[in-house]
Structure formats: C-alpha cells, structure tokens
Amino acid sequence: MATPLRRYSAGARWYDVLSGERWVYGAGRAAGIELLAPARGDIVVDLGCGTGLNFPALAAAVGREGLVVGVDRSAEMLAMARRRVADRGWGDRVRIIQSDAVELDEARVRAVLRAERDRDLADGLFATYALSVIDRREVAWERAKSVLRPGARAGVVDMQPPRGRWRVLSPLARVACATGGADIGSRPWRMLERDAAPGTVQRVERKGGHLVAVAAQLP
Ligand SMILES: C[S@@+](CC[C@H](N)C(=O)[O-])C[C@H]1O[C@@H](n2cnc3c(N)ncnc32)[C@H](O)[C@@H]1O
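This one's a predicted model, so the numbers in the text were calculated from it and none came from an experiment. (Residues numbered from 1 in each chain as written. Predicted model: local features only at pLDDT ≥ 70, side-chain atom pairs only at ≥ 80, totals over all residues. Heavy atoms only, no water.)

S.K.: Hey, could you go over the nonpolar core for me, with residue numbers and the actual values?
M.R.: What tends to happen in soluble globular proteins is that the nonpolar side chains get buried as a cluster. Grouped together as the largest cluster of nonpolar side chains are 33 residues, with contacts concentrated most on L47, V69, L125, L131, W141 and L192. Mapped onto this core, the elements with two or more residues apiece are β1 (43-47), β2 (67-72), α6 (106-117), β4 (122-128), α7 (137-145), β5 (148-159), α9 (189-195) and β7 (211-217). No other element matches the 4 residues that β5 contributes to this core. Sequence-distant contacts of L125, defined by excluding residues within four places in its chain, comprise L36, V44, V45, L47, W141, A144, L148, R153, A154 and G155. Judged by nonpolar contacts, the second largest core, of 27 residues, contains Y25, L36, V44 and V94. (Core = buried A, V, L, I, M, F, W, Y, C linked by side-chain atoms within 4.5 Å. Buried < 20%, exposed > 50% of the residue type's maximum accessible area, 1.4 Å probe, protein only. Helix = DSSP H or I, 4+ residues; strand = E, 2+ residues; numbered from the N terminus. Contact = heavy atoms within 4.5 Å.)

S.K.: Just give me the short version of the sheet that holds strand β3 (residues 94-98), but keep the residues and values in it.
M.R.: The pairing of strands in a sheet comes from backbone hydrogen bonds and takes either a parallel or an antiparallel form. In space, the 7 strands of this open sheet follow the order β3-β2-β1-β4-β5-β7-β6, with mixed pairing throughout. At either end of the open sheet lies a strand with only one pairing partner, and these are β3 and β6 (202-206). Neighbour to neighbour, the strand axes of the sheet diverge by 15° on average, direction disregarded. Bridge analysis of β2 against β3 gives 5 bridges, and the strand direction is parallel. Residue V71 lies in a different strand from β3, and its bridge partner there is I97. Relative to β2, helix α4 (residues 55-62) is tilted by about 150°, and along the sheet it contacts β1, β2, β3 and β4. Contacting β1, β2, β3 and β4, α6 crosses the sheet at an angle of about 160° to β3. (Pairing = 2+ DSSP bridges. Axes fitted to C-alpha atoms, helices over the stretch in contact; angles between N-to-C directions.)

S.K.: With reference to specific residues and values, describe helix α3 (residues 21-36).
M.R.: Helix length check: α3, at 16 residues, gives a terminal C-alpha distance of 19 Å against a target of 22 Å (1.5 Å per residue), a shortfall beyond 12%. Of all the bends in α3, the greatest measures close to 30° and is centred on A27. Taken together, the buried positions of α3 are occupied by E21, Y25, G26, G28, R29, A31, G32, I33, L35 and L36. Looking at the residues trailing α3, positive phi occurs at A37, about 50°. (Expected span 1.5 Å × (residues − 1). Bend = angle between axes of the 7 residues up to and from the residue.)

See below:
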C-alpha cells in the first residue's frame, strides 16, 4: 500500500474531485469553520492544508489584514494549493510552508508571521482530515500549538465510523479512510478537547456522526 506521502503526492491532481468533498466531507469542513469563527485580521494556521480546500472560507474570514498559513509536507498538494491562491488572487493573505507537521519549526513559522504581519504568534489553528493521517499526531499537535498565542482558538475536523441508521455506511467509510491513509479510530479532536480552556469546547457531528467538528479556545 502507498505511504501517506506517496498517496497524496501521486493523487494531488485528483484530490478535490475524488475526495468526496461535495457529498460528504465539505459538510464537516463547513461546520468546523463555523465553530472556529475566525475573525478579520486573524492569523490562522491550516495544518495539513492539502490543496487548500479551507482557504476560501478562511481567507474570506480573515480578510487582507489577516493571514492564512497553510502547512503540508506534500509538494504536489501544495502546488495545487498555490495554484488556488494565485487563481483567486489571495497572494496578499495566504502563505504556504512545506513541512512535515511532526517537524514543524516554530522559529520558521514565527519568522513568516513576523515578516508578513509583524507578529510572532497565530490566533487560530485549523486541521481538517489531516491529524488522522499523521502517525505521530500528538507531536504534530504540540508543534502546532507552539505557534499559537495564549487564548488562541483551534478547530479539528475529522472522521469516525458513522452511527445509528448510518452505520450501514460504515464499511464504505472505512474504505474511504483507508484509501486516504486515515486512521478512522484515531479521534484526533480529543487532543483539543483535552487541552481546551474549561467550558469552551463546541462540538457538532455531520453525516451520521462520521464527521466530527470540534472547536475550542486554548488556555
Ligand atoms: C486527507 S488530506 C486533507 C487535506 C486538507 N486539510 C483538506 O481538508 O482537504 C491530508 C493531508 O495531510 C497531509 N499530511 C499527511 N501527513 C502529514 C505530515 N506528517 N505533515 C504534514 N502534512 C501531512 C497530506 O499531504 C495531505 O495533504
């Protein structure tokens, strides 16, 4: 089976079409962005940004005073993300960092923020369908948190087996996750629930519980 890096590199060109965005995964993304509620002027790190499917909503929310920083390790996925940025004319508000999330260099991210917005730390973190793909997700999570200001908001959108009457779709969901290299049992939003400031966790589910979006404020 292809490693996750090979998988996303080889499939980058087809990702937007074949990833089930329209019928399934777009619903989780939309719910996550609504909960995260990025504000104008915010700097938001999009961890494992892929082809930049979060960019339209994030870039619109933060405006030209804000900044979206996409991080991904796949050059091919990022080539698609860069094309999206160029096509939409978001060069003033999106920056891309090619890096393994597990090795994310805090100093490098801070330098980008300083150069672009004269600030050191980000206001928000968003990770959609990415942490379940990353084997050492705890390390990636800690690295990403290290570039956030105190009181920043974070949002995690990811997958679990569907429930209730949607359980009949479980085998399909498992195949979709396995194809994407995602661990459907990883429930990465739990890292956010664990680390959140008390009383700030918001959570919604979509598609029979297959998609979980959690947002919260970090201490
Ligand atoms: C299922 S895609 C999700 C992309 C995007 N967040 C979205 O919602 O469409 C997973 C992404 O995680 C990236 N990825 C996987 N492991 C990674 C790692 N260790 N560090 C950085 N990115 C990684 C892949 O290259 C891919 O772009």
